[in-house]
Every structure is written in C-alpha cells, then in structure tokens.
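For reference, the chains in residue letters:
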Amino acid sequence: MNSRLSGRAALVLAAALTAALPLTTLAAPASAATRTGVPLTQVSADPYTDSQAQHATEVEPDIFSSGSTVVSAFQVGRVSGGGASNIGWSTSTDGGGTWSHGYLPDTTANTGGQYGQVSDASVAYDADHGEWIISYLGILASGNVDVDVSRSADGTTWGNPVIVATGTFYDKNWSVCDNHTASPYYGHCYTEFDTAAGSDTEDMSTSADGGASWSAIKHPADSPSGLGGQPLVQPNGTVIVPFASASANQIRAFESANGGSSWNASVLIATTHHHGVSGLESEAAVPDALRESVLPSAEINATGTVYVAWADCRFRTNCASNDVIISSSANGTTWSAPARVPIDAVSSTDDHFTPGIGVDASTSGSTTRIGLTYYYYPVAKCTTSTCKLDVGYISSTNGGSTWSTATQLAGPMTDTWLPNTTQGRMFGDYIATTVLPGGNAISVFPVAAAPSGSTFKMAMYTPTGGLTIS
C-alpha cells in the first residue's frame, strides 16, 4: 500500500500556463462514448511538453464544493518516478454546469517554481476567511518533499505556494476546514500528511488564517504509522482523521477536540482484507500492472457522522476480488461493522477498488444522501493486456441502508493506456466525489483512450450536469 515518490530531477522548462481557460474545444475520447449512456464533459487537458513527464496525462483528482462552487485539483503530466509537471485545477461556479480550468503558479520549472515535480492535490474551502485551498507535495532535487498550499478567493485565481512543512520527505497530504459557525474553532483548517522518511508517522498542521500560515507539526498520542488520512470536522469542532495503517492491515482513526492543539491516540476502525488488483495477483510486481492500494475515502454528514469507504475482499470466496465496504461513526471512536455496498452479487467476476465517497452535508440520519464513485474491472482474473478498467457510480438516499443500481461512467480502458510509474500503471491513488446540498453528486476522474505513439490521451472528465442520487 506504500505509494512513494522517487527520481526527482529538476528541469528548465517552458513558460507558465496559469490563466483560467474555457473548455470549448475539448472532445471526449471514443472510449468514453462507446460503453456508457452517461454524457461526459472534459474539464482539463495536459498542456506541457517537458521531457521528464508522460504527456498527455492527468491523474489522481480530488474535488470539493461550497454552495454552487465546485473545485477539483489533480496531477498534470505524470512523471514515472513520482509527481507531475504541475497541479491542474478545474472550477465550476454554477454547480457543475460549466467549467474553467488552469494550472497552479510558481510550482515547477513550468511555472517558474522551485520544485522538480508536484503531486497529491487535495481541495478544501475555508468559509470563515473566504479562501479555497489546494494542498499538495512539492518535490525538491535534494530528495526532500515539502507540503504546500495554494490559496484562492474565487477558485480560479491562485496564489504562490505557502509551505506547510519542509525539511524532510513528507507524503500523502489531505486538507479540510472547519466551516461550522457554531464551532469554537470555526475558520481553522487542518492538513494531514506523513513523514515518509520517518516510518510514515502521521502528522497534522493547523492554520487559523485561511492557510496563510501553518502551525508546527503535531502527532497523535500513539504516533501511528499511516498513509492517506482524510480529516473531517464535526459541528462541535472535533476533527476526526481516518487513515490507512502503514504497519498493519488496518483502517484507523484519531481525533482532536481542541482545534488541533493536541491529537488523541488512534483507534481501530476495521482490519482490511484486500485482493491485489492489476489482474492476476502474480502480476503484482510487474511494472505494467495497475497501481492500486488500500487507502480510505471519508466524508461527513450534517450531524457529524463519518462514513469511511475502502476496497475489501472479506465478502468474496477465497478473497477473489474486492467490494467497496463502508464503516461509520458518530464519535470517531466507536465504528460500525463494515458493510458491503451491493454494487453487484458477491458471485460476480467484478473487482471494485479506489472508492471516492461523497456525502450531502445538509442531510443526516436515515436521510443521509451518499454518492460513491469507484474503479472496477468487470473481470478480476485478467492480465495486463486483457484487463479492462471502468469507472462506476452508485448512490443512496438513506445513509447506505439501500443503494441504487450501479452505473458505468467511463471505460473500458486498457491498462497500457495509462502512464507508467515505478509501482505500475497509474490512474491515481484516490478518487473523490462531492454532493451538492439537495442536489447532484459531482465527480471528476481521468478517462483514457489509446495513445498515439508515445503520446497518451488521458484527461479529466466529469459527468455532464452531475449525477442523480437515488
């Protein structure tokens, strides 16, 4: 499950491309139109030509919404050894109806910045200070990896990087802000990451000024090793951070009830039972196999119940493939038994992985609305040349008690259409979904078509107008 970065060479590259760009000339690849009835809109494209990266590729999106504004961020121009040519953003100010897009300034040499590559974009919004925040990793030629944020008042004009943490190799950042006006810590933002150079120790940093400055690093009381934590804030200001243990097959969580001044010891959410995807399990070490790991996706409802989703094979005979399973908690310490999302029958050949859960934060209890996007292979037992990668979607209007019929959003895609990394072909280590209050679910995800020679055809798309929750 470890998803490390390596091979950080800085290059002198072309001039910046940072302005908001309309999306009037971008066409969907044939693969997106031939197997699904869901129309897709392209929301970005890789504009770079630096020789370090695999062009044209975009991978690993996050997405967040506030009111009718939706912001997504992702890697643009994936570099095999780690990171990308830049972080791209796509923003809609009308609930996903229309989109503009661009690229963060002062990051890599593409935009006049100090970093060789950048990676792992996460989006948050601070309602108190009126600031959108994209956090990400900045990879230096020294081998160190900074945690940074870029800030925007409107989601389309972004400032230069603000350093959250520097001086060693950090990884897997994720940010959230306390937008609850009754919370004693309203306006606090929290960024999670781990010290990859120090046994993946879970780290937290807090900002009280809209991301302009960040606190010294603090750790949970038990200093757990972990990856992929996703902090969430309850209405009373308690912060709950589900994460994947780096030292055991577990999903765990820790919390703070004092605005990030200190963090409690982590507790167990569930053990994990995972089927290695990428076709046959014997292919796990093959460079062309699919890169995938057990990282959780987490969201929260109006009353503070946290929902955590991950890929797990416990309900399948001989652990032959993964389902998406969910556990929930009202307090961050006591968690429900993992429940299977019934995308299909347990006897199916499908393998589901890398879920991105979205929750309508205006709903609660038995009326909690959930949208869930995920990747899957229709046939789990496949090889690199025969595996077909799809994107799927399913939803619930009652907190996951029952679910809609699953819908294919994109695919089939062949693994070799995806950029390669030292850990396999990459669509991203996570995906994300946001749900508009009382409205549709919106997700942004990469869609690939067959490359033209050495040039890929992989860009970010969204279901046109969003997805119904039913």
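Residues numbered from 1 in each chain as written. Predicted model: local features only at pLDDT ≥ 70, side-chain atom pairs only at ≥ 80, totals over all residues. Heavy atoms only, no water.

Helix and strand counts for the chain come out as one helix and 30 strands. Projecting the C-alpha coordinates of the chain onto the three principal axes gives extents of approximately 55 × 55 × 45 Å. Within the chain, buried positions represent 63% of all 470 residues. Here the chain contributes 17 positive and 38 negative side-chain charges, whose respective centroids are spaced 8 Å apart. (Helix = DSSP H or I, 4+ residues; strand = E, 2+ residues; numbered from the N terminus. Buried < 20%, exposed > 50% of the residue type's maximum accessible area, 1.4 Å probe, protein only. Lys, Arg positive; Asp, Glu negative; His and termini not counted. Charge placed at Lys NZ, Arg CZ, Asp CG, Glu CD.)

The sheet built from three strands is open, its strands ordered β11-β12-β13 with antiparallel pairing. Only two strands of the sheet have a single neighbouring strand rather than two, namely β11 (170–177) and β13 (201–207). Shown here is a sheet whose adjacent strand axes are inclined to one another by a mean of 20°, direction ignored. When strand β12 (residues 189–195) meets β13, the two strands line up antiparallel, connected through seven bridges. Its bridge partner being in β13, E192 is matched across the sheet by M204. (Pairing = 2+ DSSP bridges. Axes fitted to C-alpha atoms, helices over the stretch in contact; angles between N-to-C directions.)

The next thing to look at is empty space enclosed by the protein. Under the definition given, this model contains one cavity of 30 Å³ or more. Of the voids in this model, the largest cavity is the one considered here, and its volume is about 90 Å³. Forming the walls of the largest cavity are 14 residues, and the residues nearest its centre are W174, G228, Q230, L295 and Y430. It is β11 that contributes the most residues to the lining of the largest cavity, three residues altogether. (1 Å grid on protein atoms, 1.4 Å probe; cavity = no way out; pocket = protein on both sides within 12 Å on 5 of 7 lines; lining within 4 Å. Points joined across faces, edges and corners; volume = space filled by probe spheres on them.)

Right, let's talk about the pairing of strand β26 (residues 407–414) for a bit. Burial runs high along β26: six of the eight residues are buried. As paired elements, strand β25 (residues 388–396) and β26 share five bridges and run antiparallel to each other. Bridge pairing in β26 places K388 opposite T414.

Any space left empty among the atoms is revealed by the rolling of a water-sized probe across them. Its volume calculated, the largest pocket comes out at about 660 Å³. Lining the largest pocket are 37 residues, with F64, S65, E299, I300 and A361 sitting closest to its centre. Of all the secondary-structure elements, those providing two or more residues to the lining of the largest pocket are β3 (54–66), β7 (117–126), β11, β15 (232–233), β19 (297–300), β23 (351–359) and β27 (433–435). Looking at which element gives the most residues to the lining of the largest pocket, the answer is β3, with five residues. Of the residues in the lining of the largest pocket, the class split is 22 nonpolar, twelve polar and three charged. (Nonpolar A, V, L, I, M, F, W, Y, C, P; charged D, E, K, R; others polar.)

Position of S385 among the secondary structure elements: in the loop between β24 (370–377) and β25. When the C-alpha positions of S385 and T416 are compared, they lie 7.5 Å apart, and in sequence the two are 31 residues distant.

What follows concerns the sheet that holds strand β29 (residues 445–452). Strand order across the open sheet formed by three strands is β2-β30-β29, with antiparallel pairing between neighbours. Both edges of this open sheet fall to β2 (40–42) and β29, since each of them pairs with a single strand only. Across the sheet, the mean angle separating the axes of adjacent strands is 40° when strand polarity is ignored. In this structure, β2 lies alongside strand β30 (residues 455–463), joined through three bridges in antiparallel fashion. Looking at the pairing, Q42 lines up with Y461 of β30.

This part is about the state of the cysteines. Applying the stated rule across the entire model yields three disulfides. A sulfur-sulfur separation of 2.1 Å characterises the disulfide bridge that pairs C177 with C189. Given an S-S torsion of about 100°, the disulfide between C177 and C189 has right-handed geometry. On the criterion of sequence distance, the pair formed by C177 in strand β11 and C189 in strand β12 is long-range, its members being twelve residues apart. For the pair C177 and C189, a shared accessibility class is recorded, and that class is buried. The disulfide bridge from C313 ends at C319, spanning 1.5 Å between sulfur atoms. (Disulfide = S-S within 2.5 Å.)

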